Amino acid sequence: MTDSPNRGVSRRSFLASTGAVGALALAGCTEGPSSGGSGDGGGSSGDSGSSGLSGEINITGSSTVYPVATAVANRFQQEHSGIDISVSSTGSGGGFSNHFCVGNSDFNNASRPITEEEKQLCSDNDIEYHEVNVATDALTVIVNDENDWVDCMTPEQLRQIWRADGASNWSDVKSEWPDEPISRFGAADTSGTFDYFKEAILGEEANHTSNYEATEQDNLILQGVQSDQYGIGYFGFAYYQGNKSAVKALGIDNGSGCVKPSLETAKAGEYKPLSRPLFTYPRKSALAEEHIAEFARYYVEQSANSSLIADEIGYVPKTEEAMQEELDALNEVIDEAQ
Amino acid sequence: MATQTPTQETTEFGEVSRLKGIAFKYTSFAASIVGILALGVLLAYVFWDAFGLESAGTTWYLSYTVTLLVPLLAFFAYARTRPDVVAGAFELFSLTLGGVMLTVATVIVLSVIASPPVWFAYFLTVVGPAIGMYVYGQYNREATWVGLGILAAVVVGPVVGTLGLGTFSSLGAMLGAPGIYFLSLVLPGAGMAAFLAHDRLELSKRQSIGIGVGLPVLAIVGVPVVDMVPQIARSVWLIGLVMFGLPVGFTVVNTAQRRERWAAFAFPAIAILGFLLGEFVVGVVGATEPSPWLDWQYVTSGPSISNAAEAGLYPAIIGSVFLIVLVSVFTFVFGVGTAIYLEEYAPATGPLGTITRLVNVNISNLAGVPSVVYGLLGLGIFVNINAQLGPITYAGFGVGTVFTASLTLSLLILPIVVISAQEAIRSVPDSLRQASYGMGATRWQTIRNVVLPRSLPGILTGTILALGRAIGETAPLIMIGAATTKFSPPSGLFSKLTAMPMQIYAWAFQPSPDFRYGVVAAGVVTLLIVLLTMNSVAILVRNKYQQEAH
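- In the annotation of an unreviewed UniProt entry, chain A is listed under the name Phosphate ABC transporter substrate-binding protein PstS family protein and assigned to Haloarcula rubra.

Here's what the structure looks like:
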């Protein structure tokens with residue numbers, strides 16, 4: 001930029017040479033592209049989908065449902081490459097108030113039913129929605145197979161065991177139980193399982209004990225409880241389902257008798273407080289569009305896919321019948337919208 | 001102060017205690033060690049995880065130590081006392097690395113984000129005329145209209161290009177992607193090569209023209225060869241030829257021309273041969289190789305939330321690069337413009353001077369505002385707005401779109417860019433300005449020829465730091481509704497995007513340790529590499545001007 005002007009001569013010759021090169025290359029250029037314009041770099045998935053469906057789909061909402069939505073969206077997009085799905089993990093409430101109820105997203109995931117306030121906000125903005133139950137999140141409390149003193153616990157007893165400064169021996173919880181130290185195996189505090197267990201059992205007042213074997217790996221919890229007669233632990237229901245013979249699952253007595261964890265009790269809402277239904281709320285006006293309706297159907301169909309919901313993500317999938325019911329209801333709404 | 005320490009004798013030359021000085025020296029030394037060590041350990045940890053080095057066997061480490069590390073160390077020991085060799089090796093290394101980064105950046109920006117026809121449209125309307133006029137201006141020094149002409153091309157060109165996008169891009173589509181790159185990159189590159197050969201490497205005129213002609217010929221001759229390799233598209237070959245071939249060719253010839261630098265060629269030779277030999281030895285011995293999370297699959301495939309081995313960052317990488325390119329354009333134009341006006345033109349005294357001071361104080365305050373606030377600002381003025389002004393309705397730029405996100409991030413870092421640019425402009429001694437005026441230069445000429453060249457390194461440093469902040473931001477993106485996960489890269493200015501920090505943040509909360517240690521670490525390293533790639537251009541320009549200033 002700050003070249004001195006006395007270089008003009010060299011530049012002139014440089015320009016002359018450039019011109020020559022340019023002319024020559026232009027001549028040569030005709031053969032360059034004509035040999036085929038197919039090779040485009042990048043390796044992106046730009047070509048349109050095989051099914052002909054195309055468009056954007058916006059999903060917001062709960063971080064608990066986020067893995068389900070992402071996995072379903074991933075599979076859907078592999079089948080329909082013309083569709084562009086974005087999934088945002090905004091939290092159930094944040095999704096309703098900032099995105100869904102102002103009409104900026106097509107689906108909102110929620111780990112709880114929509115609240116009255118959110119219903120009000122949505123109706124203020126003329127947003128109609130349909131509620132779809134996509135899976136159930138459940139935790140299972142497990143003890144050693146040789147544990148013969150307890151089959152069922154109340155949430156209060158669980159709280160005594162798992163809260164900070166709680167019971168240290170089994171007999172501290174109930175005097176008939178052995179006077180042996182409790183060895184606890186649980187989720188590390190970075191996991192959603194930890195948050196959920198803390199919220200459901202300990203509530204807001206109590207802290208989770210730090211005197212336990214914290215791990216992210218369900219198999220370590222399983223091994224720990226398996227090898228220790230006085231052990232107790234918790235993890236997602238899906239993992240227990242695959243290891244039913246190794247350990248004993250405790251029932252939860254939440255005032256209406258002992259309820260064992262199972263797909264049926266979790267879905268029926270009897271297994272409380274350690275299970276909660278997960279929802280997604282499609283916007284009715286969005287369902288009028290074919291690609292969004294198709295995705296909604298796919299989402300519901302996948303909610304009974306146990307290899308996806310249970311094995312990959314660790315939630316409780318829906319039964320085929322329940323899924324079919326949900327699908328029929330959805331189809332009715334779609335027919336209405338279209 | 002000397003009077004504070006009691007002297008033993010009442011002579012004129014008392015002894016001053018050096019205790020404070022020594023204590024201060026070692027305190028600052030300790031502070032720097034703690035800071036640098038902490039950063040170093042963190043980075044080493046992340047790299048260790050991202051490349052899965054833990055899983056490598058001892059024999060793997062042993063093989064590469066023998067074939068690669070020891071020869072390299074021997075080379076360093078040899079070069080230690082020979083500054084020419086060090087300079088040559090450094091040039092070879094940095095230009096090769098720069099060439100690789102430039103190629104990757106160009107492929108991403110031109111080929112993936114802009115798409116060849118769109119690039120062709122803007123090449124015809126903006127880049128081509130601007131370069132043409134610049135070259136003509138260098139050729140014909142008398143043509144004073146050239147500067148204004150370039151400005152006009154830069155300002156009017158994008159408008160013309162956007163209005164005529166359909167026509168121009170269908171024209172480009174007829175040429176095909178390789179043809180577009182041939183016209184827009186290889187031909188200017190050939191001119192550049194001829195110029196460098198003649199002017200910098202001082203080759204004869206005939207050789208220079210030969211190089212200028214040779215590059216396009218090589219480009220065309222190489223096409224059938226490249227077609228045999230399915231991994232390399234023709235476009236990538238043409239881009240790589242210019243962006244990688246030019247700097248590497250330059251440094252190779254430059255090194256070869258100087259006898260005292262010849263030993264520097266040992267560096268790449270050792271590196272390449274050592275690597276190949278290492279591969280061979282590892283294959284023969286059967287050592288356990290590391291299983292890196294950051295591999296080709298990771299940077300080319302979409303995200304997964306349940307399968308760590310399939311997880312990829314491709315849409316987020318493209319989104320982040322798209323974002324950072326726009327942000328750097330916005331902030332550089334608006335930030336440096338503001339700084340120049342405030343420092344050089346704005347009145348410093350009188351009632352208007354008070355306003356200038358007020359603006360300055362407020363810019364400093366804005367630099368400290370948390371990023372979430374900028375996110376809310378962006379949500380307010382670029383998303384949730386519906387303003388009617390006469391016949392024009394402004395309804396924002398859409399939720400979480402590329403344009404909204406880049407404007408929001410530009411606002412976020414604008415104060416930092418303005419302040420650092422102001423600081424850099426202020427550091428140019430006033431005596432230089434006065435001398436320039438004294439020789440009859442106008443204010444514009446003074447700014448153009450004296451102030452900007454001297455302050456550019458400082459301005460670029462500030463911009464680089466600010467861009468580094470922008471590319472790592474998550475909070476404002478969450479506020480404006482950018483997606484956490486997308487499976488395809490943004491297709492245009494007004495399509496939704498996801499950025500690397502958003503996806504990394506989401507992965508960090510996945511229960512599986514494969515995600516939290518492997519995939520997240522690989523994402524962090526990718527983020528760093530992309531940041532360095534984007535900055536390398538600015539760093540090169542900065543170094544060039546820093547050397548000129550000395």
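**What about empty space enclosed by the protein?**
Residue and element names in this part refer to chain B.
So, step 1. Applying the stated rule across the entire model yields one cavity of 30 Å³ or more.
So, step 2. Reported here for the largest cavity is a volume of approximately 40 Å³.
So, step 3. Lining the largest cavity we find S320, L323, I324, L409, A470, I471, L477 and A499.
So, step 4. For the lining of the largest cavity, the elements supplying multiple residues, two or more each, are α12 (314–345) and α17 (443–471).

**Quick word on the pairing of strand β2 (residues 83–87) of chain A**
Residues and elements named next belong to chain A.
So, step 1. Across the five residues that make up β2, a large majority, five, are buried.
So, step 2. Burial of the side chains of β2 extends over both faces: I83, I85 and V87 are buried on one face and D84 and S86 on the other.
So, step 3. Across five bridges, the pairing between strand β1 (residues 55–61) and β2 is parallel. Bridge assignment links I57 to a residue of β2, and that residue is I85.

**Side note on the packing of aromatic side chains**
So, step 1. Scanning the model with the defined rule gives 36 aromatic pairs over all chains in all.
So, step 2. Ring geometry for F76 of chain A versus Y298 of chain A: centroids 5.2 Å apart, planes at 50°, classification tilted. A residue pair is termed long-range when its members are at least 10 positions apart, and F76 of chain A in helix α3 (residues 66–79) and Y298 of chain A in helix α12 (residues 290–302) qualify at 222 residues. In this structure, F76 of chain A and Y298 of chain A share a single accessibility class: buried.
So, step 3. When the ring of F107 of chain A is compared with that of Y299 of chain A, the centres are 6.3 Å apart and the planes differ by 50°; the resulting orientation is tilted. Linking F107 of chain A in strand β3 (residues 107–110) with Y299 of chain A in helix α12, this pair joins segments that are 192 residues apart in sequence.
So, step 4. Judged by relative accessible area, which is 1%, F107 of chain A ranks as buried.
So, step 5. Among the aromatic side chains, those forming a connected cluster through ring pairs are F330, F382, Y394, F397, F403 and F494 of chain B.
So, step 6. Its end group placed over the ring of Y196 of chain A, R276 of chain A keeps NZ or CZ at 4.0 Å from the ring centre.

**Section: the side chain of S488 of chain B**
So, step 1. Position of S488 of chain B relative to the elements: it lies in the loop between β3 (485–486) and α19 (500–507).
So, step 2. A polar side-chain atom of S488 of chain B sits 2.8 Å from a polar atom in the side chain of D84 of chain A.

**Some points on a nonpolar patch on the surface**
So, step 1. Together, I22, Y26, F29, I33, L37 and V41 of chain B line one region of the surface with nonpolar side chains, adding up to about 600 Å² of accessible area.
So, step 2. Within the secondary structure layout, V41 of chain B lies in helix α1 (residues 19–50).

**Side note on the side chain of R184 of chain A**
So, step 1. Here R184 of chain A is to be found in strand β6 (residues 183–187).
So, step 2. Beyond its immediate stretch of four places on either side in the chain, R184 of chain A contacts I161, W162, A167, S168, T209, N211, Y212, E213 and I232 of chain A.

**Notes on the pattern of salt bridges**
Residues and elements named next belong to chain A.
So, step 1. Under the definition given, this model contains 18 salt bridges over all chains.
So, step 2. The salt bridge partner of R297 is E290, with a shortest N-O separation of 3.9 Å.
So, step 3. Relative accessible area serves as the criterion here: at 17%, R297 is assigned to the buried category.
So, step 4. Beyond isolated ion pairs, a larger network of salt bridges with shared partners links E290, E294 and R297.

**Quick notes on the domain arrangement of chain A**
All names here are of chain A.
So, step 1. Here the domain parsing of chain A yields domain 1 (55–129 + 283–337) and domain 2 (138–275).
So, step 2. Measuring from the centre of the C-alpha atoms in domain 1 to the corresponding centre in domain 2 gives 31 Å.
So, step 3. Here domain 1 and domain 2 share an interface that buries about 510 Å² over both sides, 72% of which is from carbon and sulfur atoms.
So, step 4. Area buried by domain 1 at its contact with domain 2 is led by G314, V316 and T319, which between them contribute 67% of it.
So, step 5. Joining domain 1 to domain 2, the criterion identifies zero salt bridges.
So, step 6. Remark: the boundary between domain 1 and domain 2 carries zero residue pairs in polar contact (both at pLDDT 80 or more).
So, step 7. Class assignment for the residues of the side of domain 1 that touches domain 2 results in four nonpolar, two polar and one charged.

**Regarding the domain arrangement of chain B**
All names here are of chain B.
So, step 1. Its domain assignment divides chain B into domain 1 (70–290) and domain 2 (309–549).
So, step 2. Here the C-alpha centroids of domain 1 and domain 2 sit 27 Å apart.
So, step 3. Across the contact, seven residues belong to domain 1 and nine residues belong to domain 2.
So, step 4. Buried surface at the junction of domain 1 and domain 2, both sides included, amounts to about 790 Å², of which 88% is carbon and sulfur.
So, step 5. Our enumeration of links across domain 1 and domain 2 arrives at zero salt bridges.
So, step 6. On the surface where domain 1 and domain 2 come into contact, there are zero residue pairs in polar contact (both at pLDDT 80 or more).

**Focus on the nonpolar core**
So, step 1. One finds I57, I85, F295 and Y299 of chain A together with L477 and W507 of chain B to be the most contacted residues of the largest nonpolar core, which totals 97 residues.
So, step 2. Ranked by residues supplied to this core, first place goes to α12 of chain B with 11 residues.
So, step 3. One finds V143, L158, L263 and A266 of chain A within the second-largest nonpolar core, a separate group that totals 44 residues.

Rules behind the numbers
Residues numbered from 1 in each chain as written. Chains lettered and ligands numbered in written order. Predicted model: local features only at pLDDT ≥ 70, side-chain atom pairs only at ≥ 80, totals over all residues. Heavy atoms only, no water. 1 Å grid on protein atoms, 1.4 Å probe; cavity = no way out; pocket = protein on both sides within 12 Å on 5 of 7 lines; lining within 4 Å. Points joined across faces, edges and corners; volume = space filled by probe spheres on them. Helix = DSSP H or I, 4+ residues; strand = E, 2+ residues; numbered from the N terminus. Buried < 20%, exposed > 50% of the residue type's maximum accessible area, 1.4 Å probe, protein only. Pairing = 2+ DSSP bridges. Phe/Tyr/Trp six-rings, centres within 6.5 Å; stacked < 30°, edge-to-face > 60°. Lys NZ or Arg CZ within 6 Å of the ring centre and 35° of its normal. Polar contact = N/O pair within 3.5 Å; in protein donor to acceptor, adjacent residues only side chain to side chain. Patch = residues over 30% accessible without salt bridge, like charges linked within 9 Å, V, L, I, M, F, W, Y side chains within 5 Å. Areas by Shrake-Rupley, 256 points an atom, 1.4 Å probe, with all protein chains shown as cover. Salt bridge = Lys/Arg side-chain N within 4 Å of Asp/Glu carboxyl O. Contact = heavy atoms within 4.5 Å. Domains from an automatic or database assignment. Buried area = accessible area lost by both parts, 1.4 Å probe. Nonpolar A, V, L, I, M, F, W, Y, C, P; charged D, E, K, R; others polar. Core = buried A, V, L, I, M, F, W, Y, C linked by side-chain atoms within 4.5 Å.

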